[in-house]
Structures are given as C-alpha cells and as structure tokens.
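Residue strings, one per chain:
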Amino acid sequence: MSGDWIKMSVNLDGNPRVLGIAAELSADPLHVVGMLWKVWAWADQHTLDGNAVCVTENVLDRFTNGPGFAAALRKVG
C-alpha cells in the first residue's frame, strides 16, 4: 500500500487505452479516469500486490457503476 495517495499521469485522459475504454462504453474519458482511480484506490487499500483474484468482471462493473467496464479493460489490455 502506498498510503493515502496514488500517482497518476497528468495526461491519463488522453491515453489511447483510456480513449479505447471510453469508446467501448460511450463514456467521457474523464469519467473513465474516475472509474480507474476508484479501482486503483480500492486495490491499493485492500490488496498487497494489486492482485484480487476474487474480484470478477461483474464486481468491477458494479463497483464502478460501469456496465461493460471490466470487458473494456480486458479489450484494451
């Protein structure tokens, strides 16, 4: 765990993978950045190495309130 902050790229909203997720979800890239932040923050607080085997695609979609979010993550790599 890194404490109470997470380092993020200043141009994350323009990252091709973020744009790909946004296109898959028909969402604004800034909304996608928020969903990614939420997942990263949770993983930082609740895992030792970021690996959460018990978290399914359905759990990620519900946690981010983003139907199709996990599949879009997988699609963009």
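Residues numbered from 1 in each chain as written. Predicted model: local features only at pLDDT ≥ 70, side-chain atom pairs only at ≥ 80, totals over all residues. Heavy atoms only, no water.

> Quick one: what's the story with the confidence of the model for the protein, residue by residue and with numbers?
Mean pLDDT over the protein works out to 91, with 96% of the residues at or above the 70 mark. Mean pLDDT across the elements of the protein bottoms out in helix H2 (residues 29-46) (93) and peaks in helix H1 (residues 16-25) (98). (pLDDT = per-residue confidence, 0-100. Helix = DSSP H or I, 4+ residues; strand = E, 2+ residues; numbered from the N terminus.)

> An account of the packing of aromatic side chains is requested, with residue identities and associated values reported.
This structure, assessed with the given rule, holds one aromatic pair. One cation-aromatic arrangement involves Lys 38 over Phe 63; the distance from NZ or CZ to the ring centre is 4.6 Å. (Phe/Tyr/Trp six-rings, centres within 6.5 Å; stacked < 30°, edge-to-face > 60°. Lys NZ or Arg CZ within 6 Å of the ring centre and 35° of its normal.)

> Could you give an account of unusual backbone geometry, with specific residues and numbers?
If you check the backbone angles, Ser 26 has positive phi at about 55° while not being a glycine. Of note, Ser 26 is situated in the loop between H1 and H2. With phi around 55°, Asn 65 is a residue other than glycine that occupies positive phi space. Mapping Asn 65 onto the fold places it in the loop between helix H3 (57-64) and helix H4 (69-76).

> Go over the side chain of Asp 61 with me, naming the residues and quoting the values.
Turning to its location among the elements, Asp 61 is positioned in helix H3. Look at Asp 61: it is buried, it has no salt bridge, and the nearest opposite charge is Arg 62 at 9.2 Å. Of the polar contacts made by the side chain of Asp 61, one reaches the backbone nitrogen of Ala 70; its length is 2.8 Å. Beyond its immediate sequence surroundings of up to four residues, Asp 61 is in contact with Gly 66, Pro 67, Gly 68, Phe 69 and Ala 70. (Buried < 20%, exposed > 50% of the residue type's maximum accessible area, 1.4 Å probe, protein only. Lys, Arg positive; Asp, Glu negative; His and termini not counted. Salt bridge = Lys/Arg side-chain N within 4 Å of Asp/Glu carboxyl O. Polar contact = N/O pair within 3.5 Å; in protein donor to acceptor, adjacent residues only side chain to side chain. Contact = heavy atoms within 4.5 Å.)

> Describe the nonpolar core, listing the residues and the values that go with them.
In globular proteins that are soluble, nonpolar side chains generally tend to be buried together. Of all hydrophobic cores here, the largest spans 14 residues; its most connected members are Val 18, Ile 21, Leu 25, Val 32, Met 35, Leu 36 and Phe 69. Breaking this core down by element, the ones donating at least two residues are H1, H2 and H4. Among the elements that take part in this core, H2 stands out by supplying five residues, more than any other. Sequence-distant contacts of Ile 21, defined by excluding residues within four places in its chain, comprise Val 32, Phe 69, Ala 72, Leu 73 and Val 76. (Core = buried A, V, L, I, M, F, W, Y, C linked by side-chain atoms within 4.5 Å.)

> So, a nonpolar patch on the surface: which residues are in play, and what are the values?
Judged by side-chain polarity, Met 8, Trp 37 and Trp 40 come together as a nonpolar surface patch covering roughly 300 Å² of accessible area. Mapped onto the secondary structure, Met 8 falls in the segment before H1. Residue class for Met 8 comes out partly exposed when judged on its relative accessible area of 31%. (Patch = residues over 30% accessible without salt bridge, like charges linked within 9 Å, V, L, I, M, F, W, Y side chains within 5 Å. Areas by Shrake-Rupley, 256 points an atom, 1.4 Å probe, with all protein chains shown as cover.)

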